[in-house]
Amino acid sequence: MLNISPQEVYDGLSLENPWWESGRPLDRISAFPERSYLDSFQKLVFQTEPRRSVILLGPRRVGKTVMIHQTIASLLRNGVAGMDIVYASIDRPLYNGQTLEAFVRQHLDHSAGPRDRKLWFFFDEVQYMRDWERELKSLTDLYPNIKFVASGSAAAALKQKSQESGAGRFTDFLLPPLTFDEFIAFQGERNPSFDNLMRFADDGFKEAGRLSQLDIAFLNILFERYLTFGGYPEAVISTGVQGDLNRFVREDIVDKVLLRDLPSLYGISDTRELNSLFTTLCYNTAQEVSLEGLSKSSSVAKNTIKRYLEYLEAAFLIRSITRIDQNARRFQRQATFKTYLANPSLRAALFRPITQDDEYFGHLAETGVLSQWMHHPDLNGLHYARWNNGEVDLVYLDPPTQKPDWFVEVKWSDRYLNNFNEMSALRAFMDTHRDTITSGIVTTRTKFGTKNYAGIEIRFQPTAIYAWTVGRNTTRNNAKGQMELLLLP
C-alpha cells in the first residue's frame, strides 16, 4: 500500500509547474503549432461569467495536453503570476488516492497571497480519479475565484458524467483529431503549387479554372499523407513518429484505450474480444456491417458486440452512421450500419499504408471525408441510403421534415463526370426525392464539373478539395452559410 505524504505530493506537483519559479511556460511547447480550436478553447478558460468549469474532451494524442500548456503560456504572457496557475496530470502514480480538493487546499496553504485571488487549476486525464465529476462540481461552487479545467481521453464517458453531474456548472469542449485543413497548416508546406492552393482556398474555391492539374496532383499527395498519418499532431510534425507509426498508434493509442481505458471504465475482463472487433472494423472502415455478421465472425454474442461498439465510439475510435432506404425511411431495427474510423490513419498504422492507386483507397478516402464531418454539429443528420440494388454514401436529412436535403457520393475516380448514366442508384434516389433535395456533390479524383438532373444541380469536385473544405469551414466555426460554402465551386 502506498504511503505518500502530502509534502511528497506537493513536491511532485512543483516539478510539473516549473513556472512557479521561472514564470515561463514549458520550452518544448513552442515547437507545437496551434490547433484551430485553441482560440475557442481559451475564450472558455478566460471567461469569468457564467461561472463554469471547462471539460476538455478528446481521444488520445490529439493535443489536449499541448493545448492546455499553450493556454498556460497565454496566461503567463498576459501577466498572470506563475504561482496562480496549477497543472496536475492525474494519471501519475504519485497522485494515487488524492482528491481534487486536496490539490486546491495544499496549493492555497503553500503559496503566498490572498486565498481569494484569481487562480487557474488544470487537471489532466481526470478520468482516473473516482467521482471526479461530483467533486469538481462542488469545487466550482466552493471556490468562485478559481477557474477549473479538466481534461480526459474517454470522450463520451466523460461527457456523460459531465452532463449528469455538472449540469449548469460544466462546459464541455471536444477536441477531435486533425482535420485535413489543420494537417496542411501543420505541415508548413511551401512551394508554388501549395501557395496557389492556399490562395484558391482563401477565395472560397470560387474559380475552379485557376487550379491546375499539377495543383490537384499535389493536393492528392497531401491527402494521401493525411490518410496515412495525418490525424495526430505529433505524427505530422515528427518524422521519427512517421517512421514508426505502427508502434506509436498501437502502443500509445490503441493498446492504452483497449487494454486500459475501456476495461477500467466499463469493467471489461476479456479484452481479446474487444481488440478483435476493433481490428475487424478498422480493416473494413466505410463498409456496411451487421450485428449478426460481426457476431458470427467473432463468436461473440450480439448484445456484447453492441456494447463494445458503444465503448469504441465512447473512446472516439469509430463512428457509426445509420441506414435509410430509398424512400429515406429509417429502419425500426438497425440490423445493418456503416462504421468509420474516427481517424483514418489508424488503418494505415495497424495494417499498411496504401497509395492512391490501391483498389481499397476509395474506402479510405470516404473515411477521410466522414472524419471531417465528425467535427460538425450536424453529424447526427448524416445517414447512408441502401436498398436492394443501390446505395448513396451520405444523405443529410433535414431535422424538421426528416426528408433528404442534400447528398454526397464519394468516388475516387473521374469517370462518372462523363458517364453519369452509370450512376443508376444515385439517379433513382434523386428521382424519388426531387421535391426536397436542394443540391448534391459527387467527388472525383481530379476533375471539376456540373450536371443537372431532375432539376437538381450536381457538382463534381476532387475528393481532397471537398474534405479540405468541410474541415476548413467546420474548424473556423463558419455555421452561417455552411452548406453554400461546402458546395463550392
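Thresholds, definitions, all that
- Residues numbered from 1 in each chain as written.
- Predicted model: local features only at pLDDT ≥ 70, side-chain atom pairs only at ≥ 80, totals over all residues.
- Heavy atoms only, no water.
- Helix = DSSP H or I, 4+ residues; strand = E, 2+ residues; numbered from the N terminus.
- Contact = heavy atoms within 4.5 Å.
- Areas by Shrake-Rupley, 256 points an atom, 1.4 Å probe, with all protein chains shown as cover.
- Pairing = 2+ DSSP bridges.
- Axes fitted to C-alpha atoms, helices over the stretch in contact; angles between N-to-C directions.
- Buried < 20%, exposed > 50% of the residue type's maximum accessible area, 1.4 Å probe, protein only.
- Core = buried A, V, L, I, M, F, W, Y, C linked by side-chain atoms within 4.5 Å.
- Polar contact = N/O pair within 3.5 Å; in protein donor to acceptor, adjacent residues only side chain to side chain.
- Parallel < 35°, antiparallel > 145°, perpendicular 65-115°, else oblique.
- Nonpolar A, V, L, I, M, F, W, Y, C, P; charged D, E, K, R; others polar.
- Arc of directions from axis to C-beta.

## What to know about the overall build of the protein chain
When its secondary structure is counted, the protein chain shows 22 helices and 14 strands. Contacts in the protein chain between residues at least 24 apart in sequence constitute 72% of all its contacts with a sequence separation of at least 6. For the protein chain, the computed accessible surface area is about 21300 Å², with 46% contributed by carbon and sulfur atoms.

## Observations regarding the sheet that holds strand 4 (residues 146-152)
The strand order across the open sheet built from five strands is 2-3-4-1-5, with neighbouring strands paired in parallel fashion. The sheet is open, and its two edges are formed by strand 2 (85-89) and strand 5 (170-174), each paired on a single side. Direction aside, neighbouring strands of the sheet carry axes that sit 15° apart on average. As defined by bridge partners, strand 3 (residues 119-124) adjoins strand 4 across five bridges and the pair is classed as parallel. Looking across to strand 4, one finds that Phe-123 is bridged to Ala-150. Docked against the sheet, helix 5 (residues 100-110) engages strand 2, strand 3 and strand 4, running at close to 140° with respect to strand 3.

## Things to note about helix 8 (residues 180-187)
Structurally, the α-helix is built with 3.6 residues per turn, so residues lying three or four positions apart point the same way. Counting buried residues in helix 8 gives seven out of eight residues, a clear majority hidden from the surface. Within the span of helix 8, buried status applies to Phe-180, Asp-181, Glu-182, Phe-183, Ile-184, Phe-186 and Gln-187.

## Considering the nonpolar core
Phe-180, Phe-223, Val-249, Leu-262, Phe-278, Leu-312 and Leu-317 are the most contacted members of the largest nonpolar core, which has 78 residues in total. Apart from residues no more than four positions distant in its own chain, Leu-262 is found in contact with Val-257, Gly-267, Ile-268, Leu-274, Tyr-311, Leu-312 and Ala-315. Residues Val-62, Ile-68, Ile-72 and Phe-103 belong to the second largest nonpolar core, which totals 51 residues.

## Quick look at the environment of Leu-175
For Leu-175, the location among the structural elements is in the loop between strand 5 and helix 8. Each C-alpha atom, one on Leu-175 and one on Ser-36, is 9.9 Å from the other, the two residues being 139 residues apart in sequence. Excluding anything up to four places from it in sequence, Leu-175 contacts Arg-35, Tyr-37, Leu-56, Leu-57, Gly-58, Pro-59, Val-62, Gly-63, Lys-64 and Met-67.

## Examining the side chain of Gln-372
Of note, Gln-372 is situated in helix 18 (residues 361-373). Judged by relative accessible area, Gln-372 falls into the buried class, the value being 0%. A polar atom in the side chain of Gln-372 sits 2.9 Å from the side chain of Tyr-226. In this view, Gln-372 contacts Thr-179, Phe-180, Tyr-226, Ala-467, Val-470, Gly-471 and Thr-474; residues no more than four positions away in its chain are not counted.

## Considerations on the packing of helix 8 against helix 21 (residues 463-475)
Remark: helix 8 packs on helix 21, axes separated minimally by 6 Å, with the N-to-C direction vectors making an angle of 90°. Taken together, the axes of helix 8 and helix 21 are roughly perpendicular relative to one another. Contacts between helix 8 and helix 21 involve Phe-180, Asp-181, Glu-182 and Ile-184 on the former and, on the latter, Ala-464, Ala-467, Trp-468, Gly-471, Arg-472 and Thr-475. Its residues placed into classes, the contact of helix 8 with helix 21 shows five nonpolar, two polar and three charged.

## Thoughts on helix 6 (residues 132-142)
Those residues of helix 6 that sit buried are Trp-132, Glu-133, Glu-135, Leu-136, Leu-139 and Thr-140. Projected down its long axis, helix 6 carries its buried residues within an arc of 160°, all on one side. Facing away from the buried side of helix 6 by over 90 degrees, the exposed positions are Arg-134 and Leu-142.

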